[in-house]
Amino acid sequence: MAFRDGPFENIKVPLAWTAAVVVVVAIIGAIFLLLGDRTTPEGGSSMGAARGGFEAAAGPVGGVFAAPVRWAGAARDYVGGYFFAIGENRRLKAEIAELRGWRDEAIAQKNINGRYEALLGLRTEPAVAMATGRAISDARGPFNRAKLIDVGSAKGVRIGNPVVTEHGLVGRISGVTSGVSRVVLLTDVASRTPVMIERTDARAMLTGDGGDSPRLEFIRGAGSIQAGDRILSSGDGGGLPRGVPVGVAAKGVDGAWRVKLFSDHGAVDYVRVLLFQTFGQLVSPEALNAPPLAGLATAPEPNAAEAGAIRDAAARRQTAQQAQAERARAAAAAPVTPAAAPSTTPNAARPATTAPRPAVAPPPPAPVTAPTVPTDAPGGAA
């Protein structure tokens, strides 16, 4: 039988009163629990068993009801992390694009510093003053191989100075202004460079023909060159210092000997100009043409033993000179035997006139106790 069909079908319970009654009952129950939760003499709680049972029953129920909350929190964190990752990814991409430019610039600076270190470490034997420059233009053509560099006469550059990189010889200066110079490369048709083969010391002429590998001409000596021989500047003619690396010998397709240039191993953008004109600038001509004894210093003053030896030698020399003078005077004072009259007979023999010369007594030896010393003898003896 339904509730509305029973005797209470006409009873109407107000909802507000019902809620009020439930709240009052709950409050009374809470107060009862608080007052009843007292400490026992054993140190426990009078409601401990009831609380333990309630917690044991409510634990699984709470875990079930808490699971959706945890799932909702995890979903929220996932969605938030996704949107955060998108923003972080955009920021990192912008930062990478900015750093890529710095990376390229750092690599370029590293390469430039390496080139500078190699150029600054370049040394010649003997040492020659140098000026460092950078190529500012490059003019190429079938018959023209030249460059412009940003150093000129203000840095001491002159026409004819050789130009090198850290790898080897590039060319020579053909025109100079105050701040710019023109370099004719070894491959230019107007380039002529005296070289030598390092292995055999044979001489040759390196001639440019517009190609990448200039030709070797006028090679002295049969069999003096082989493929792979290093080619250096010979210094003949005084236009280049001796021993600057040029390249490696190789046989061309036309059968002629050519040189693979060392300067082709890298870009010819930073160069050094050897301020070299003649070998006379490497040493002073006055030093080479000085008198043989010009560099000798004055002899030191003699000591007592050396001064005594000098005085004794001077006394003996003076005694010998006096004895020679006495002998000369005695010989001059000796009588001379007159010569016999000539015979009237033409074929008669002339009588002998070689009479023995009277002996001259030697002068007595000079006393050595008090020798006479000339006033000009070293040591200042009177």
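Description of the structure in this document. (Residues numbered from 1 in each chain as written. Predicted model: local features only at pLDDT ≥ 70, side-chain atom pairs only at ≥ 80, totals over all residues. Heavy atoms only, no water.)

## So, the overall build of the chain
Scanning the chain from terminus to terminus reveals four helices and twelve strands. Counting over 382 residues, the chain shows a buried share of 24%. A sequence separation of at least 24 residues applies to 54% of the contacts in the chain between residues at least 6 apart. (Helix = DSSP H or I, 4+ residues; strand = E, 2+ residues; numbered from the N terminus. Buried < 20%, exposed > 50% of the residue type's maximum accessible area, 1.4 Å probe, protein only. Contact = heavy atoms within 4.5 Å.)

## Observations regarding the pairing of strand 6 (residues 192-197)
On any regular strand, side chains alternate: one points to one face of the sheet, the next to the other face. Of all six residues making up strand 6, five are buried, and the element is well covered by its neighbours. Between the antiparallel neighbours strand 6 and strand 7 (residues 203-207) lie five residues, among them aspartate 201 with a positive phi of about 65°. Bridge analysis of strand 6 against strand 9 (residues 230-233) gives three bridges, and the strand direction is antiparallel. For isoleucine 197, the partnering residue across the bridge sits in strand 9 and is isoleucine 231. (Pairing = 2+ DSSP bridges.)

## Let's talk about a nonpolar patch on the surface
A surface patch of nonpolar side chains, about 500 Å² in accessible area, is lined by Tyr78, Val79, Tyr82 and Phe83. If you trace the backbone, valine 79 turns up in helix 2 (residues 48-120). Residue valine 79 is classed as partly exposed on the basis of its relative accessible area of 42%. (Patch = residues over 30% accessible without salt bridge, like charges linked within 9 Å, V, L, I, M, F, W, Y side chains within 5 Å. Areas by Shrake-Rupley, 256 points an atom, 1.4 Å probe, with all protein chains shown as cover. Salt bridge = Lys/Arg side-chain N within 4 Å of Asp/Glu carboxyl O.)

## A look at unusual backbone geometry
Most peptide bonds adopt trans geometry, and most residues besides glycine take a negative phi value. In this structure, aspartate 201 is a non-glycine residue whose phi angle is positive, near 65°. Position of aspartate 201 among the secondary structure elements: in the loop between strand 6 and strand 7. The exposure class assigned to aspartate 201 is partly exposed, which follows from its relative accessible area of 37%. Phi is positive for phenylalanine 218, which is not a glycine, with a value near 55°. Structurally, the position occupied by phenylalanine 218 is in the loop between strand 8 (215-217) and strand 9.

## Side note on the nonpolar core
Leu216, Ile231 and Val246 are the most contacted members of the largest nonpolar core, which has 22 residues in total. Looking at this core, the elements with two or more residues in it are strand 6, strand 7, strand 10 (245-251) and strand 11 (257-261). With three residues, the top contributor of residues to this core is strand 11. Beyond its immediate stretch of four places on either side in the chain, isoleucine 231 contacts Val195, Met196, Ile197, Leu216, Val244, Pro245, Val246, Gly247, Val248, Ala249 and Val259. (Core = buried A, V, L, I, M, F, W, Y, C linked by side-chain atoms within 4.5 Å.)

## Overview of the environment of arginine 158
Here arginine 158 lies in the loop between strand 2 (145-149) and strand 3 (162-164). Sequence separation of arginine 158 and phenylalanine 276 is 118 residues, and the distance between their C-alpha atoms is 8.6 Å. Leave out the neighbours within four places in its chain, and arginine 158 touches Ile173, Val176 and Gln277.

## Regarding the side chain of serine 224
Positionally, serine 224 belongs in the loop between strand 8 and strand 9. From its side chain, serine 224 meets the backbone oxygen of arginine 220 in a polar contact 3.0 Å long. In this structure, serine 224 is in contact with Ile197, Arg199, Thr200, Ala202, Ile219 and Asp229, ignoring residues within four places of it in sequence. (Polar contact = N/O pair within 3.5 Å; in protein donor to acceptor, adjacent residues only side chain to side chain.)

## Describing the environment of lysine 147
With respect to the secondary-structure elements, lysine 147 resides in strand 2. For the pair lysine 147 and serine 137, spaced ten residues apart in sequence, the C-alpha to C-alpha distance is 5.9 Å. Polar contacts involving the side chain of lysine 147 include one to the main-chain carbonyl oxygen of valine 268, which spans 3.5 Å.

## Digging into the pattern of salt bridges
Side chains bearing opposite charge may pair, as long as their charged atoms lie close to each other. Scanning all chains against the criterion turns up 14 salt bridges. Across the pair arginine 103 and aspartate 104 runs a salt bridge, and its minimum N-O distance is 3.1 Å. Ionic pairing is found between glutamate 198 and arginine 230, a salt bridge with its closest N-O pair at 2.7 Å. Here glutamate 198, found in the loop between strand 6 and strand 7, pairs with arginine 230, found in strand 9; they are 32 residues apart in sequence, far enough to count as distant. Note on glutamate 198: relative accessible area 42%, which makes it partly exposed.

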